[in-house]
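Here is what each chain is made of, one letter per residue.
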Amino acid sequence: MNRLVWKLLRQHISIGQLAGFFLANLFGMTIVLLGIQFYQDVLPIFTQGDSFMKKEYIIATKKLNLLSNLTESGNTFSNDEVEKLKQQPFTRSVGAFTPSLFKVSAGMAMQGTGIQLSTEMFFESVPDEYVDVSLERWHFDKDSRSIPIIIPRNYLNLYNFGFAQSRSLPKLTEGLIGLIQMDILIRGNGQTERYKGNIVGFSNRLNTILVPQSFMDEANRRFAPDKEAHPSRLIVGVKNPADPAISQYFQQNSYETEGDSLDAGKTTHFLRLITGIVLGVGLFISILSFYILMLSIFLLLQKNTVKLEDLLLLGYSPARVALPYNLLTTGLNLLVLLLAVVGTLQVRHLYLPVLQDLFPRLEEASLWPAVLTGFLLSAVVSVLNILSIRKKINGIWKGRH
């Protein structure tokens, strides 16, 4: 009987209108899924390690002048200045660089190379949330007396492409550096202690020699109990690095930013904005296709009003009369979802090898976020279609009574 009902109702179906819906929905769904999948694939590039897109951070310092050189506090930040910066509308969080108040020297020797290095150095620390290297090994072990250290990546580049190249010495990779232990000598408060130092990561964001905050706090208390650490640099998490209020505030307070952190943050914001626009365009096209389908279905129902009334008078329930239309819309939505997933996979096979050539350690992201998003979008559209069709047919049924 349902087959006879379908034959009766399909006579006025417009293939052109349904094809328009199908193509528009397929185009919009593919853009949405591809945008989500591409974002998932490139996210590790921009969020792991010391990526500049992990979050927007600005390193703030005070401008140096004659007065700041004459007074120790001239180039450091007071608690009031830090609190005032935290209260700014563009600020998400503020962390302070804690300097070491004790003397540090380090030495290391690489067997078989003839390289022996020894130097006076310094330590700084920041809260763990601002460290842009994996925190898996970022803890101080009191028993082994081993200090994890993070150094700027440009230090390694200076050695490899400056010092080592000019003296025909072997170049060092990040993996090899991670295997080298340094002998750390700390002096202060009449005490001398020896530690082992292990380089656990390299940073592009933080141009300093970092040690864990827990070690720094303990070492300052032990080796410099009569001194107080005043930060001369702040790491500021901002909501929108393109906000002109940031530059204005920094100029008014004679603050400076290190390197191109502000420009990198603006690039981050721009790229995320573009991603959002792409997803928005895809969703907009999907919404338009939904309206195209609903207009087609409503037009079809309007043309079949007399037949629908006759079927309802013959004893067919509104749900049974609506079933062919529900199957039509749901089937089209599922076919769109299937083809959109296939199209996304095909495009992904084109760009993924290029990304892996540029970033050999890049791991393939899961397909599930994009697939689940497509399924949810398709389910929502199908439910809205079913509800709209049922409401229309119920209106026809009530109009006869």
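Provided above is the structure to which this section pertains.
Residues numbered from 1 in each chain as written. Predicted model: local features only at pLDDT ≥ 70, side-chain atom pairs only at ≥ 80, totals over all residues. Heavy atoms only, no water.

**Thoughts on the environment of Phe38**
Turning to step 1, where the next piece is worked out: One can find Phe38 in helix 2 (residues 15-47).
Turning to step 2, where the next piece is worked out: Judged by relative accessible area, Phe38 falls into the partly exposed class, the value being 38%.
Turning to step 3, where the next piece is worked out: For the pair Phe38 and Arg348, spaced 310 residues apart in sequence, the C-alpha to C-alpha distance is 7.6 Å. (Helix = DSSP H or I, 4+ residues; strand = E, 2+ residues; numbered from the N terminus. Buried < 20%, exposed > 50% of the residue type's maximum accessible area, 1.4 Å probe, protein only.)

**Some thoughts on the nonpolar core**
Turning to step 1, where the next piece is worked out: Core analysis: the largest hydrophobic core is formed by 28 residues, its most contacted members being Phe123, Ile149, Ile184 and Phe215.
Turning to step 2, where the next piece is worked out: Counting only elements with at least two residues in this core, the list comes to strand 4 (103-110), strand 7 (146-152), helix 5 (153-166), strand 8 (181-188), strand 9 (191-203) and helix 7 (213-223).
Turning to step 3, where the next piece is worked out: The biggest single contributor to this core is helix 7, with four residues.
Turning to step 4, where the next piece is worked out: Once you skip the residues sitting within four places of it in the chain, Phe215 turns out to touch Phe123, Phe140, Ile147, Ile186 and Tyr195. (Core = buried A, V, L, I, M, F, W, Y, C linked by side-chain atoms within 4.5 Å. Contact = heavy atoms within 4.5 Å.)

**Brief notes about the sheet that holds strand 11 (residues 255-257)**
In any sheet, the strands associate via hydrogen bonds between backbone groups, in a parallel or an antiparallel arrangement.
Turning to step 1, where the next piece is worked out: Spatial strand order, 2-10-1-11: four strands in an open sheet with antiparallel pairing. Two strands close off the open sheet at either side, each with one partner strand: strand 2 (91-96) and strand 11. Across the sheet, the mean angle separating the axes of adjacent strands is 35° when strand polarity is ignored.
Turning to step 2, where the next piece is worked out: Inspection of the sheet shows strand 2 paired to strand 10 (residues 233-238) by five bridges, in the antiparallel sense. Residue pairing for strand 10: Gly95 is matched across the bridge by Ile235.
Turning to step 3, where the next piece is worked out: Lying on the sheet, helix 8 (residues 244-252) is in contact with strand 1 (57-62), strand 10 and strand 11; it crosses strand 11 at an angle near 130°. (Pairing = 2+ DSSP bridges. Axes fitted to C-alpha atoms, helices over the stretch in contact; angles between N-to-C directions.)

**Structural notes on the pattern of salt bridges**
Turning to step 1, where the next piece is worked out: Counted according to the given criterion, the structure contains eight salt bridges.
Turning to step 2, where the next piece is worked out: Note that Glu83 and Lys86 form a salt bridge whose closest N and O atoms lie 3.7 Å from each other. Taken together, the residues Glu83 and Lys86, both in helix 4 (residues 79-86) and three residues apart, mark about one turn of the helix.
Turning to step 3, where the next piece is worked out: Residue Glu83 is classed as partly exposed on the basis of its relative accessible area, which comes to 40%.
Turning to step 4, where the next piece is worked out: With a closest N to O distance of 2.6 Å, Arg145 and Glu193 form a salt bridge. With Arg145 in the loop between strand 6 (124-125) and strand 7 and Glu193 in strand 9, this pair connects stretches of sequence that are 48 residues apart.
Turning to step 5, where the next piece is worked out: With relative accessibility at 17%, the residue Glu193 sits in the buried group.
Turning to step 6, where the next piece is worked out: Taken together, the shared-partner salt bridges in this structure form one network comprising Arg145, Glu193 and Arg222. (Salt bridge = Lys/Arg side-chain N within 4 Å of Asp/Glu carboxyl O.)

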